[in-house]
Amino acid sequence: MTVLTVEQWVAETAKLTQPSEIVWCDGSSAEWLKLTELLVSNGTFIRLNPELRPNSFLARTDPADVARVEDRTFICSTHEVDAGPTNNWRDPLWMKNLLRSLFKGSMRGRTMYVVPFAMGPLDSPQARFGVEITDSPYVVLSMHIMTRVSNGVLEKISKGADWVPALHSVGAPLLDENGVQSPDTTWPCNVEKYIAQFPESNEIWSFGSGYGGNALLGKKCMSLRIGSVLGRNEGWLAEHMLLVKLTSPSGKNFHIAAAFPSACGKTNLAMLRPTLPGWKVATIGDDIAWIAPDSDGRLRAINPEAGFFGVAPGTGLKTNPVAVETMRANTIFTNVALTEDGDVWWEGLTDDAPANLIDWTGKAWSPLSGSPAAHPNSRFTVSLSQCPIIDPEWDSPAGVPLDAILFGGRRATNVPLVVESRDWEHGVFMGATISSEQTAAAEGVVGTLRRDPFAMLPFCGYNMGDYWQHWLKVGQSLKADDLPRIFQVNWFRKDANGKFLWPGFGENARVMEWIARRLENEVSAQESAIGKLPIIRDLNLEGLAISDEKLAEIFQIDKAAWHHEAELTAEYFAKFGEQLPAEMGQQLELLRSNLTKL
Ligand code: OXD
Ligand code: MN
């Protein structure tokens, strides 16, 4: 796709952005050492107490650069319809012109880093390559953890492999055009931000933000927005899904991918510690899965990433001890609080907050301060290889065969704990109609219900209607019996008093067990208006104190509420016009007719 060589692109970009120096990165530990020392010396990093948290650092961002900026994220296809109603669209030529004016001189006085990276194991047939140019050493170090940075990528590219040019600048030059120096800050960024994807030329241009999802361009920009387009063109799926291996007491393995909107517990589920004796979960990924048919006609999945970029608040010794153990060392923390002994803390790490902290803005904090010590979207960045329950196959070039796909969201009402789809088409309908309460992972009002189809709302690089069509096509191209089965789950249903009905976390293993038993055809299910529900006696509830009333409420299908839900779905589907696959309209009609029979 790319017509320039990497060298030509770097030279052209340097001419535009005018850095004072160009550094080619190789992902080595010497490079890590040099850049961490640089960031400690310029104040961007605080080195954490090496006795408590070796080789780990805290970064505090500009308070206006703390999350993905969805309203500044653009899909730049020639025709607006190809971006579709869920994306912000701009004409590619218009956007390039604008961006060229912003990138002009944007690296003056700074070093430009060239970071060759692989998404997926270098030798995997499913791997894809990119080169990120950035003027942020924080980004380079984060890419070291989140992707596979190496010269091997440049070798692959020089032998003809396709690659994605991914250009990033924080947009804060240190010299003006007359050579006058301006002071640097510990978190340079620009109030004006653009995260632009060009799906017809597979390019990424990101300007103005240093925050993870906006700036680590291998992640959302390449692995999902550009990845979804590559997947459509090449017959595979790029998904916002965690990936795990579930092992039963008899040693049978099930590989499960699960799509949940941002900050809805994907990392917790990816690191689940089952409360059921004998069941085990091994982690493969917590955010992204690339899924492709293999030569036997089965879907196989890889996690294209090499690290976790997890939400810190709510990750604690009780909720996710595996994550806490994973980040024992070699971790970059962003926007968490600093303890008196030079370690980190955030809400939910422990039950009680330490008496004195420095909060994420650098101010003294105590439990009486009345504001969170860590930003709600504060993060930890750490290598997958440090996860104590990492699956030995996480790095396997062949990926893993997929047995089940789960769709979930945060729903206080309506959606039961678990429901199985009737077939692939119905599963696609379940994915297409996910809605979830908004979290802090993106800018916006936390708590409002928003449609987040396939948890891909901010990440689909083309028309969402065409994306549903692509899912249907992948299903139609394979034998029904070889397809993963599809389930919808909801850990977040509440009772009339606003209390969660289900305990969640490790107890979610009970739902996973039922799913595994369905895959083994060991248990039947009851047909309902919205899909196949568990027969309560088949759920393993041993040792769980949950009343029959609560259980009934957790699976209750409220006819009026579902009619309303169907109305909202009809309104939502109408937005897609001709791009709405006929099958989605038929599934909605089926739902409505099932509801009238209740
Ligand atoms: C993430 C997100 O960072 O989805 O994974 O926002
Ligand atoms: Mn995510």
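Residues numbered from 1 in each chain as written. Chains lettered and ligands numbered in written order. Predicted model: local features only at pLDDT ≥ 70, side-chain atom pairs only at ≥ 80, totals over all residues. Heavy atoms only, no water.

## Digging into the layout of surface pockets
To find leftover empty space, a probe the size of one water molecule is rolled over the atoms.
So, point 1. By volume, the largest pocket amounts to about 960 Å³.
So, point 2. Lining the largest pocket we find 49 residues, and of these A263, C264, G265, N268 and R410 sit closest to its centre.
So, point 3. Sorting the residues of the lining of the largest pocket by element identifies α8 (218-234), α9 (266-270) and β18 (307-311) as the ones contributing at least two each.
So, point 4. Residue contributions to the lining of the largest pocket peak at 4 residues, all from α9.
So, point 5. Partitioning the lining of the largest pocket into residue classes produces 20 nonpolar, 17 polar and 12 charged. (1 Å grid on protein atoms, 1.4 Å probe; cavity = no way out; pocket = protein on both sides within 12 Å on 5 of 7 lines; lining within 4 Å. Points joined across faces, edges and corners; volume = space filled by probe spheres on them. Helix = DSSP H or I, 4+ residues; strand = E, 2+ residues; numbered from the N terminus. Nonpolar A, V, L, I, M, F, W, Y, C, P; charged D, E, K, R; others polar.)

## A look at the state of the cysteines
So, point 1. Evaluated as defined, the whole model comprises 0 disulfides.
So, point 2. Here C264 stays free of any disulfide, with the sulfur of C460 as its closest cysteine sulfur at 18 Å. (Disulfide = S-S within 2.5 Å.)

## Describing the domain arrangement of the protein
So, point 1. The domain architecture assigned to the protein consists of domain 1 (6-45 + 67-235), domain 2 (239-306 + 395-557) and domain 3 (307-386).
So, point 2. For domain 1 versus domain 2, the distance between C-alpha centres works out to 32 Å.
So, point 3. Counting residues at the interface gives 38 residues for domain 1, matched by 35 residues for domain 2.
So, point 4. Regarding the contact of domain 1 and domain 2, the summed buried area is about 3,000 Å², with carbon and sulfur atoms giving 52% of it.
So, point 5. The three residues of domain 1 that bury the most area against domain 2 are R68, Q126 and L224, which together make up 22% of that side's buried surface.
So, point 6. Counting the contacts that link domain 1 with domain 2 gives 5 salt bridges.
So, point 7. When the shortest N-O distance is used, the salt bridge between D287 and K219 registers 2.9 Å.
So, point 8. Our enumeration of links across domain 1 and domain 2 arrives at 21 residue pairs in polar contact (both at pLDDT 80 or more).
So, point 9. A per-element tally of the side of domain 1 that touches domain 2 places α8 first, with 9 residues.
So, point 10. Grouping the constituent residues of the side of domain 1 that touches domain 2 by class yields 16 nonpolar, 11 polar and 11 charged. (Domains from an automatic or database assignment. Contact = heavy atoms within 4.5 Å. Buried area = accessible area lost by both parts, 1.4 Å probe. Salt bridge = Lys/Arg side-chain N within 4 Å of Asp/Glu carboxyl O. Polar contact = N/O pair within 3.5 Å; in protein donor to acceptor, adjacent residues only side chain to side chain.)

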